[in-house]
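The primary structure of each chain is shown beneath.
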Amino acid sequence: MTSEPNTPDRSRSAGRVLVLLDGSRLSLDALEAAADLAHSRGAEVLGIFVEEVNLLRSAGYGFAREVGASSGQARPLDSAHVEARMHALAEQARRSLAQAMTRRGISQTLKLCRGQVVQEVLGLASPEDLLVLGRVGWSAAPGSRIGSTARSLVRQAPGDVLLWTRPRPRPQGRVVVLLNHDQVANHRAVRVGADLALQYQQPLSVLVRTTDGDHQRITDDLLSYLAQQGIAARVRLLPMTSASAVTRALREEGASQLVISRTCSLFSEPGADNLLMELSLPLTVTP
């Protein structure tokens, strides 16, 4: 993080911070982000490590092969080797979780599961929980893509999901919330953005994609809500244009983090995934 977390706020939701650990460098970075957020919220942390059952099943076939990430050489996918690797990664996850949380005085538990990652995580998460995970798994280059596991959890998790990436938020950047004009009355994403702005001691911007002609009403409604909550923010209206136009607006705002509802129309538009990959920002998705 770019600054020390604020004093824990015990008045917040009693939800936990869940962090998905898979042994990748990015998941360990996500663990540090989860630790800072849990400290700020006064929340317990549940680390989740899933032994992927499909990989274990694949290793049982004699024709199965794996390709070395650095060598590019194909070799037999040996079940004993896969089991040993998973056990080693689980032990690494246990040590990393304990180290990150102990130095912050945070209560933590590691849940070891065997199954399919998305189903196991969804079985543990509740609407009050924040789920934190890296954007890619151990087999991919950090920041290169949004993995299939992350995509599924973003769309199905009952609570907020934070997709962590590198670099960490710039201290001079802004937390940006992106809404449709018909989402202005749904303030969850705004509240999450305000919490992050406080956590990282950064200014907040709310961008509203709109086709509505009553722009002043939209702005006034948002500013009124923000003022009632004691939140200082900049509100900016955007035409309902392409994903690339949103990218330009986020860069103009100096975004260091992005908060968006999964019901935002941007998710269903062509180029949205490329937008999120190109920006390479920590992304919080709310229900």
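Model, not experiment: these values are computed from the prediction. (Residues numbered from 1 in each chain as written. Predicted model: local features only at pLDDT ≥ 70, side-chain atom pairs only at ≥ 80, totals over all residues. Heavy atoms only, no water.)

With that settled, the discussion passes to the nonpolar core. Residues Val-19, Val-45, Leu-97, Met-101, Val-132 and Val-177 are the most contacted members of the largest nonpolar core, which totals 46 residues. Ranked by the residues each element gives to this core, the list is headed by helix H1 (residues 25–41), at seven residues. For Val-177, the residues in contact, after removing those within four places along its chain, are Ala-189, Val-190, Gly-193, Leu-204, Ser-205, Val-206, Leu-207 and Val-259. (Core = buried A, V, L, I, M, F, W, Y, C linked by side-chain atoms within 4.5 Å. Buried < 20%, exposed > 50% of the residue type's maximum accessible area, 1.4 Å probe, protein only. Helix = DSSP H or I, 4+ residues; strand = E, 2+ residues; numbered from the N terminus. Contact = heavy atoms within 4.5 Å.)

Position of Thr-102 among the secondary structure elements: in helix H3 (residues 79–102). Residue class for Thr-102 comes out exposed when judged on its relative accessible area of 58%. Distance in space between the C-alpha atoms of Thr-102 and Ala-35 is 9.7 Å, their sequence separation being 67 residues.

By the element assignment, Thr-247 lies in helix H8 (residues 243–253). A relative accessible area of 5% means that Thr-247 is categorised as buried. The contacts of Thr-247, once residues within four sequence positions are left out, are Leu-275 and Leu-279.

A word on the environment of Ser-96. Positionally, Ser-96 belongs in helix H3. A sequence separation of 73 residues divides Ser-96 from Gly-23, and the C-alpha atoms of the two residues are 9.5 Å apart. Beyond its immediate stretch of four places on either side in the chain, Ser-96 contacts Leu-28 and Leu-31.

What follows covers the packing of helix H4 (residues 117–124) against helix H5 (residues 148–156). Viewed as axis vectors pointing N to C, H4 and H5 meet at an angle of 30°, and their least axial separation amounts to 10 Å. Judged by the twist between their axes, the crossing of H4 over H5 is right-handed. Seen from H4, the contacting residues are Val-117, Val-118, Val-121 and Leu-122; seen from H5, they are Thr-149, Ser-152, Leu-153 and Gln-156. A breakdown of the residues in the contact of H4 with H5 according to their chemical character gives five nonpolar, three polar and no charged. (Axes fitted to C-alpha atoms, helices over the stretch in contact; angles between N-to-C directions. Left-handed = near helix turned anticlockwise from the far one by under 90°. Nonpolar A, V, L, I, M, F, W, Y, C, P; charged D, E, K, R; others polar.)

Function cannot be read off these values alone, since they describe shape.
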